[in-house]
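Next come the chains, spelled out residue by residue.
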Amino acid sequence: MSRHLDKILANAEQQLATTGTQRPTDVLPLYKKFLKIEEHRLRLKHQAGGGGREICAGRAELVDVLLRHVFGQAKAAARKQGKDSPIALLALGGYGRSELNPFSDVDVMFLHRQKVGAQVSSYVGDMVEQILYLLWDIGFKVGHSTRSIKEAIVQANHDMLTKTAMLEARFLAGDAKLVRSFREQFRTKCVAGFERSYLELRMKDQAERHTKYGNSVHMQEPNVKSGCGGLRDYQNLLWMTYFKEGALTTTHLVGRDWLSVTEQRRIDAAYDFLLRVRTTLHYENKRGTDVLYLNSQDQLALRLNYPQANALLRSEAFMKDYYEHTRNIFRITERITEQFASGQSSGMLRSLLNFLPNTRMKEEDFGEFVARGGQLFAKNPNVFRQNPTLMMRAFQLAQEQNFELSPELEDLYARNLRLITRTFQYAKEPREIFRHILSRKGEVGRVLRMMHRVDFLGRYIPEFGDLTCLVQHEFFHRYTADEHTLVCIEKLDAVTTTENRKLVPYKKLFATLDDPLVLYLALLLHDTGRGIGARPHSEASALFAGRVAMRLQLSSGERKSLVLLVDHHVTMSNIAQQRNLDDPETIIEFAAIVKNQRNLDTLMLLTLADGQGTSAEGWSDWKESLVWHLHYATSQYLADQGAFNEQMKIERDALIAAVRAKLPEDFGEEIEAHFDFMPDNYFRAYEVKDIVSHLHLFREFFAKRLLGDSSPFAPAVKWEAFSEQGHTIVSFCTWDRRQLVANIAGSFSVVPINILSADIYTRGDNLVLDVFRVCSADGKAVTDAAKRDLVERTLSDSLGNEIFDFAPLINEARRKNQHRAVSEIDLLTRISVDNKVHAGYTLVQIETPDRLGLLYDLLSCFDREGISIGLSRISTEKGNAIDTFYVIDASTREKITDINRINKLQRKLQESALPVAES
């Protein structure tokens, strides 16, 4: 950066030479002009491809020149008043490392000689004030302190963060002798004797930070600075190195059994890449920020000069590089810090707690391996070259004995991955060990993650290897494809020991599975089709599963089950959420897919693991209840098809008798009308108690009409909260009319309240029963009386006014609820129409970014197009909507089959889904 520094100095000389002895704040415009020119020059260098460290060092040099000039200016102005006292200016933290991103804080310390507790001299106070005011006026975010040497030492030993910032202190201007004295005392009083405690605190801090930011490198929206494998992990290694080896550089670790030359190049390149990414983030956001939000990754990739023309491919290429770099930092720094903590050096293990040399822990012998302190070591560094099968055997030992791989053994894997050849992949001994590993119920996830950590898993199962660091630009996925897979497997493991009441049914289901090999293998392979960009990925994943089954010599039955599970790993969830589960055709169709109870139970467990492994929010109580409904009904069908079909027949007489028994005699005519006019699917959907409740609601509606104590257009409404399930059921009874369902949706939007599902039942006497399952914006049952009243009043007003306009009300709700989730990716609106799924209805599925009033607009569109809705499944994930509607022609009550009408409907729905500007 010397040429760049020369330019800065030349410009400073030209721009700031005329300031004389004026106070810095008196010539503020000159400093601003100088800074603007130099920052523009630096940004152009960044845009031209300047390295991360290069640009950050350039900005630090720029601030150095500015501060030195300001310091001199302030000193000259203070001396004019006859003041003088020893003072020095030091850069701390990242600035002290000469690493400043565009909007990073500028951390400085003013060092003076005055006694502890004494008020600083007017000279020192004036100097500090002049410098800080100028920095604030320029627009810098400044972290600052004013201390004597003794005060600095005391504060450093009191607070680890302060000590860390000071160990990177760099002299900027002032009394150099004062700074030398501070450095000597800092080394003797803050470092010597504090090595063990500092390492412990840094390890604790790192563990807490990793937990806070997801405990994974492969987060969908990672934190560049503080996430796993981020800038802070690399910096943490430098700080620990300083206390362990006395140097703030990775170079000092090379050749000392800590770091190889290749590893150093790898993590230094990764750190440079992350600094460049963070600089781009700052420039794009015009402020300090560290999160790579999903909807900004394409723009960042563009600014970083990724060449792909397609936005999705461009962002995927960028994020794949990001994950590979952070993975390198994470793995290498984790290994070295673990070695630091254990005191291991030059092949000798020493306890962090006592630092006693030559103290060896108790060893357990396992043939070619030995275990010490819960870690597995190889006796011979050539063990894998002599017998490659032992690469698989070590993982089996780690699983059976609950060992971790030692850093040395991990390094041994890294240097011998070439031994995992095609011959090794087909070899009998490794295959049998691998099958044994996957057959240990509840113990698989840890060892597979261990394999992946050293890149063994992707070599042995290359179909999975293609998922490594693969970005999933689907809004409901929280992790990269490889991390998602491993999390799924860990979620399944956790079922074996869970005491969670909601998961106990899965625990019982898993207990009935004698050999979990196929299930674990299905989870390992279920997303492998994503590795080749297949759409849909399930079919390609199933082909890969067949290939792996052949290599692993699975039996014919195992192979068929594996392919079925992988091919249909999203089928159970999709049918449960999108189809009418009260329709026997749905159950029969699904039973034909799973074929037997074992496949059904296994698919149920896979669906749970996949749902929980997608994101914490992705597996709601509502979705789970739907999946269990499907499982239960399909189990009945598989057990006895004849009995199932009989049960599905509507036994009107028995049902009527049961309802009559629950109601007073004067309900006789109303019961008869209800059973005569309600559609068949209504009686399949509801139990006796529900039908009784609905009849009371119908009577309430008529009573209001007769008494005239409410608006003639007001429906009868019943709210029933199910707090444990996180939803409320709202039932509406009124006369059928145009826009009714749309107006109900609009009334919910005004609050706002989320709609989970809507079931519409139209009686033959022109009465309707609309049953909505809803929840609050935070996913809880709606219990607030004021919100309920607002929904009812709005609906009543809208039904009594044909020109009622929801737009102003929804815009106001949108303004008041700006905190509501917005789409995290630019999801394209997709509208599909299917006439094959159901015999009596056309299925319309809509995927689009969610917004307040969306469902109202979609339902209004259906109404304008003369289409009636029989059933709906409404789902919202991270600000995106997936809505499914069973529809028919409103006049003919037939399916929508005309291709021109279908095309028009898709076009109109597409228009209705567009974002609406606030008025």
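Structural data are supplied above this passage.
Now for a description of the structure that goes with this document. These figures come from a predicted structure and were not determined experimentally.

Now for the nonpolar core. The nonpolar side chains of soluble globular proteins are, as a tendency, buried together. Phe434 and Phe456 are the most contacted members of the largest nonpolar core, which totals 90 residues. Residue contributions to this core peak at nine residues, all from helix α24 (residues 517-525). Apart from residues no more than four positions distant in its own chain, Phe456 is found in contact with Met391, Met392, Phe395, Tyr413, Leu417, Ile420, Phe424 and Met451. Listed in part, the 48 residues of the second largest apolar core include Leu740, Val768, Val791 and Ile896.

Right, let's talk about helix α39 (residues 854-864) for a bit. Burial runs high along α39: nine of the 11 residues are buried. Regarding α39, the residues found buried are Leu854, Leu855, Tyr856, Leu858, Leu859, Ser860, Cys861, Phe862 and Asp863. Once α39 finishes, Gly866 follows within two positions and takes phi at roughly 70°, a positive value.

We now examine the environment of Phe701. Here Phe701 is to be found in helix α35 (residues 688-707). Given the relative accessible area of 0%, Phe701 is considered buried. Placed 31 residues apart in sequence, Phe701 and Phe732 show a C-alpha to C-alpha distance of 9.3 Å. If we skip the residues at most four places from it in the chain, Phe701 touches Ala714, Pro715, Ala716, Cys733, Thr734, Trp735 and Leu767.

Attention now goes to the side chain of Gln399. Its place among the elements puts Gln399 in helix α15 (residues 390-401). Judged by its relative accessible area of 5%, Gln399 falls in the buried class. Engagement of the side chain of Gln399 in a polar contact is seen with the backbone oxygen of Glu443, the distance being 3.0 Å. When near neighbours in sequence (up to four residues on either side) are disregarded, Gln399 contacts Ile437, Arg440, Glu443, Val444, Arg446 and Val447.

Once that is clear, we can look at the sheet that holds strand β7 (residues 375-378). The pairing of strands in a sheet happens through backbone hydrogen bonds and is either parallel or antiparallel. Judged by pairing direction, the sheet is mixed, and its four strands sit side by side in the order β5-β6-β7-β8 without closing on themselves. The sheet is open, and its two borders are formed by β5 (363-366) and β8 (404-405), each paired with just one other strand. Sheet topology places β7 next to β8; two bridges connect them, and they run parallel. Among the inter-strand pairings, Gln375 is bridged to a residue of β8, identified as Glu404. Docked against the sheet, helix α16 (residues 407-414) engages β6 (369-372), β7 and β8, running at close to 50° with respect to β7.

Analysis parameters
Residues numbered from 1 in each chain as written. Predicted model: local features only at pLDDT ≥ 70, side-chain atom pairs only at ≥ 80, totals over all residues. Heavy atoms only, no water. Core = buried A, V, L, I, M, F, W, Y, C linked by side-chain atoms within 4.5 Å. Buried < 20%, exposed > 50% of the residue type's maximum accessible area, 1.4 Å probe, protein only. Helix = DSSP H or I, 4+ residues; strand = E, 2+ residues; numbered from the N terminus. Contact = heavy atoms within 4.5 Å. Polar contact = N/O pair within 3.5 Å; in protein donor to acceptor, adjacent residues only side chain to side chain. Pairing = 2+ DSSP bridges. Axes fitted to C-alpha atoms, helices over the stretch in contact; angles between N-to-C directions.

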